[in-house]
Amino acid sequence: MLDRFFQLSANNTTVRTELMAGLTTFLTMVYIIFVNPSILGDAGMPKASVFVATCLIAAGGTALMGLYANYPIAMAPGMGLNAYFAYAVVLGMGIPWQAALGAVFISGCLFILVTMVGLRAMIVDGIPRSMRVGITVGLGMFLALIALKNAGIVVASDATLVKAGDLHQPAALMAVLGFFVIVALDRLRVRGAILIGIVLVTVLSFFFGGNTYQGVFSLPPPISPTLFALDIPGALAAGILNVVLVFFLVELFDATGTLMGVARRAGLLVEGKMERLNKALLVDSGAIVAGSMLGTSSTTAYIESAAGVQVGGRTGLTALTVAALFLACLFIAPLASVVPPYATAPALLFVACLMLADLGDVDWSDTTESIPAAVTALGMPFTYSIAEGIAFGFISYAVLKLLTGRARGVKPVVWVIAALFAFKIAYVGT
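Treat the numbers as computed from the prediction; the structure is a model and nothing was measured. (Residues numbered from 1 in each chain as written. Predicted model: local features only at pLDDT ≥ 70, side-chain atom pairs only at ≥ 80, totals over all residues. Heavy atoms only, no water.)

Visitor: For this particular structure, what's the right way to read the overall build of the protein chain?
Guide: Along the protein chain, the regular secondary structure elements total 20 helices and six strands. When the backbone C-alpha atoms are referred to their principal axes, the protein chain occupies close to 60 × 60 × 45 Å. Put simply, the protein chain has 430 residues, and 55% of those count as buried. A fraction of 82% describes how many contacts in the protein chain between residues 6 or more apart in sequence connect residues 24 or more apart. (Helix = DSSP H or I, 4+ residues; strand = E, 2+ residues; numbered from the N terminus. Buried < 20%, exposed > 50% of the residue type's maximum accessible area, 1.4 Å probe, protein only. Contact = heavy atoms within 4.5 Å.)

Put into structure tokens, the structure is as follows:
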């Protein structure tokens, strides 16, 4: 039955291989159940409820990806997207987290709409490669700044804006150790390197950080504080350009790029295209909407799915295995609650460093491409706003192409996005 439903033989795989692939993918991304509540908790959201929402949407979205689209791709609240939600929207703009969830809901509905009418692929094709790279790298730099701040390695300074923190503090020392352990284990191809690093620092925090043990297993905490707490009118009042457009753009590049990248690595592309791309995109869009109703930031496809593909995962049975394991995580809430911010900081910094790898894909000989990409990447951490970084990047791209007589080569979607951001800055403010 499994062979027929998931087409195992046709994809040259077996049940055992798919199960092992699912376990591998799970181990590489289970850190999100610790990191996501930590990040959204900084925005004032109840961590216990976010933990449940994270487990549920990861399980539900991944299961749907396996059953409906039959791809070995796992889903969970996205790194970078949760940082934008917490630090840029809620803490930076002063928007209540309920309204921020409303913005996530609206962006998800927009995704469903553009996916059903076929606009999503058209939009992706219209964005230049250099700007996609700039957004990815900028997110990485933004995450790195947050990670260093959470570890106490970088602190605020009136004289120089930022400076090095007290590196003799236990939190900073443990975070540095955790980072080196994660990088070393990843290089040695140890499965679950990120999770091991988080667990190591958490264990050390009981001895050197004043942490207290609260148990491992329990019934899931209530999700009611975040369930259907989204405020859609509040999101609309906060301004579509301020919040929803950035969610939309980041989700657009992140999810679509991940889907294509993992499918390419798995050999699932037919003539360079995903055969069931529209199904996968619909699952991705629906998961964003469902996640906002449960109480978490935008859900997206995870690049860590490539780890499962590497060991042979080729079908939705891999995804279904990941979903079952995330569902089981609901019963380890006490364990998740004892993970301090400096324990997840090494994971954030590691992911951030990996995101900088795309810099090599920029054509640095063409300054009308490389400069906007650099402006985008630098704008995010230095303004402490993903939205402003993307805005500055698109505006500079359009202006430089116009001034150098290369406007005809720019896709219409770039002009539209640049105009929207320019209008937002001119009439709404930064």
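Visitor: Just to check I follow, could you spell out the domain arrangement of the protein chain for this structure?
Guide: Where the parts come together, the accessible area they lose is often given as the size of the interface. As far as domains go, the protein chain holds domain 1 (1–160 + 218–338) and domain 2 (365–429). Taken over C-alpha atoms, the centre of domain 1 sits 26 Å from the centre of domain 2. Of the roughly 2,300 Å² buried at the junction of domain 1 and domain 2 (both faces included), carbon and sulfur atoms supply 83%. Our count for the contact surface shared by domain 1 and domain 2 stands at one residue pair in polar contact (both at pLDDT 80 or more). When residues of the side of domain 1 that touches domain 2 are traced back to their parent elements, those giving at least two are α5 (81–93), α7 (119–126), α8 (129–150) and α12 (240–266). Its residues assigned to classes, the side of domain 1 that touches domain 2 comprises 19 nonpolar, six polar and two charged. (Domains from an automatic or database assignment. Buried area = accessible area lost by both parts, 1.4 Å probe. Polar contact = N/O pair within 3.5 Å; in protein donor to acceptor, adjacent residues only side chain to side chain. Nonpolar A, V, L, I, M, F, W, Y, C, P; charged D, E, K, R; others polar.)

Visitor: Before we go on, may I ask you to explain the environment of I371 in this structure?
Guide: For I371, the position within the fold is in helix α18 (residues 367–383). Note on I371: relative accessible area 39%, which makes it partly exposed. Sequence separation between I371 and P222 is 149 residues; the distance between their C-alpha atoms is 48 Å.

Visitor: Could you clarify how one ought to interpret the pairing of strand β2 (residues 154–157) in this entry?
Guide: Bridge count between β2 and strand β3 (residues 161–164): four bridges; the pairing is antiparallel. The residue of β3 that forms the bridge with V155 is K163. Hairpin remark: β2 followed by β3, antiparallel, with three residues in the connecting loop. (Pairing = 2+ DSSP bridges.)

Visitor: For this particular structure, what's the right way to read helix α4 (residues 47–69)?
Guide: In an α-helix, one turn spans 3.6 residues, which is why side chains three or four residues apart end up on the same side. The end-to-end C-alpha distance of α4 is 31 Å, a good match for the 33 Å that 23 residues give at a rise of 1.5 Å each. Looking one or two residues beyond α4, the residue adopting positive phi is N70, at roughly 60°. (Expected span 1.5 Å × (residues − 1).)

Visitor: I tried to follow the packing of aromatic side chains on my own but got confused; where do I start?
Guide: Any aromatic ring pair is given by two values, namely how distant the centres are and how the planes are angled relative to each other. Tallied over the entire structure, the rule returns eight aromatic pairs. Ring centres of Y84 and F247 lie 5.0 Å apart, and the angle between their planes is 80°; on these two criteria the pair is classed as edge-to-face. Of this pair, Y84 sits in helix α5 while F247 sits in helix α12, and the two are 163 residues apart along the sequence. Seen from the ring of Y68, K279 lies directly overhead, with NZ or CZ sitting 5.2 Å from the centre. (Phe/Tyr/Trp six-rings, centres within 6.5 Å; stacked < 30°, edge-to-face > 60°. Lys NZ or Arg CZ within 6 Å of the ring centre and 35° of its normal.)

Visitor: Looking at this structure, I do not really get the nonpolar core. What am I missing?
Guide: One recurring pattern in soluble globular proteins is that nonpolar side chains are buried together. Grouped together as the largest cluster of nonpolar side chains are 122 residues, with contacts concentrated most on I33, F85, I390 and F394. The contact partners of F85, leaving out residues within four places of it in the chain, are L40, M45, V90, W97, A100, L101, V104, F247 and S297. Residues V133, V137, V362 and A373 belong to the second largest nonpolar core, which totals five residues. (Core = buried A, V, L, I, M, F, W, Y, C linked by side-chain atoms within 4.5 Å.)

Visitor: Can you walk me through the side chain of E369 in this structure?
Guide: In this fold, E369 is placed in helix α18. Within the structure, E369 has its side chain in polar contact with the side chain of K401 (distance 2.9 Å). Beyond its immediate chain neighbours, meaning those up to four positions away, E369 contacts P128, S130, D363, Y397 and K401.

Visitor: For this particular structure, what's the right way to read a nonpolar patch on the surface?
Guide: A cluster of nonpolar side chains, L110, L113, M116, V117, L119 and M122, forms an exposed patch at the surface whose accessible area comes to about 600 Å². Elements with a minimum of two residues in the nonpolar patch: α6 (97–116) and α7. Locating M122 in the fold gives a position in helix α7. Given a relative accessible area of 55%, M122 falls into the exposed group. (Patch = residues over 30% accessible without salt bridge, like charges linked within 9 Å, V, L, I, M, F, W, Y side chains within 5 Å. Areas by Shrake-Rupley, 256 points an atom, 1.4 Å probe, with all protein chains shown as cover. Salt bridge = Lys/Arg side-chain N within 4 Å of Asp/Glu carboxyl O.)

Visitor: Would you mind going over helix α13 (residues 277–294) with me for this structure?
Guide: If you check α13, its first and last C-alpha atoms are 26 Å apart, about what 18 residues at 1.5 Å a residue would give, namely 26 Å. Along α13, the residues that are buried comprise L277, A280, L281, V283, D284, S285, A287, I288, V289, G291, S292 and L294. Following α13 by one or two positions, G295 adopts a phi angle in the positive range, close to 120°.

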